[in-house]
Amino acid sequence: MKAWEEIDRDPHISVYETMKSQYYIDHGCKIERFKDGRFELKNVMTNSDHYEDVPEEIVDVFVKDGLLIGAFTMCAHVYKTRAHKVAYLVERARFNENEELVDRLLGTYERLKKKYEDYEMRIEKISSSL
């Protein structure tokens, strides 16, 4: 996995160790290498102590393209998913004719959309420099 190789090579990165694994948390993701050789990736951008599994297509980005592009791809996915959920809530609020809620939700939607677009630009910038 290219992401773990980058972590291993970087002298400025501190890896945490447990009896069964080593792990690193940064940019909203936790990448863990177990003593038996398997890897686990988790999304830590959850607003709770519960970490979520990373979708397989994003795991492939970590494997092929490395830590930074993988982490930014995961962040973009998270913000895009949240923006879609808020867009659904906007439509529900419009249906219920709750304009105050629509206004608040549209502000949230715009912030999430901006974060998604920022991560997409970062991915593009890194990809073009490779």
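A brief look at the structure comes next. Bear in mind that the values here come from a model prediction, so they are computed numbers and not experimental data. (Residues numbered from 1 in each chain as written. Predicted model: local features only at pLDDT ≥ 70, side-chain atom pairs only at ≥ 80, totals over all residues. Heavy atoms only, no water.)

### Describing a negative patch on the surface
Negative charge collects at one region of the surface, where Glu97, Glu99, Glu100 and Asp103 lie side by side. Assignment of secondary structure puts Asp103 in helix α4 (residues 99-129). (Patch = residues over 30% accessible without salt bridge, like charges linked within 9 Å, V, L, I, M, F, W, Y side chains within 5 Å. Areas by Shrake-Rupley, 256 points an atom, 1.4 Å probe, with all protein chains shown as cover. Salt bridge = Lys/Arg side-chain N within 4 Å of Asp/Glu carboxyl O. Lys, Arg positive; Asp, Glu negative; His and termini not counted. Charge placed at Lys NZ, Arg CZ, Asp CG, Glu CD. Helix = DSSP H or I, 4+ residues; strand = E, 2+ residues; numbered from the N terminus.)

### Observations concerning α4
Here α4 is 31 residues long and its end C-alpha atoms lie 45 Å apart, about the 45 Å a rise of 1.5 Å per residue gives. Among the residues making up α4, those that are buried are Val102, Leu105, Leu112, Tyr119, Ile123 and Ile126. Contacts made by the buried residues of α4 are with α3 (67-95). (Expected span 1.5 Å × (residues − 1). Buried < 20%, exposed > 50% of the residue type's maximum accessible area, 1.4 Å probe, protein only. Contact = heavy atoms within 4.5 Å.)

### Considering the pattern of salt bridges
As enumerated under the stated definition, the model contains 6 salt bridges in all. The residue Lys114 makes a salt bridge to Asp118 at a minimum N-O spacing of 3.0 Å. Pair noted here: Lys114 and Asp118 are both in helix α4, with a separation of 4 residues, about one helical turn. Residue Lys114 is classed as partly exposed on the basis of its relative accessible area, which comes to 47%.

Coordinates in, geometry out; function isn't part of it.
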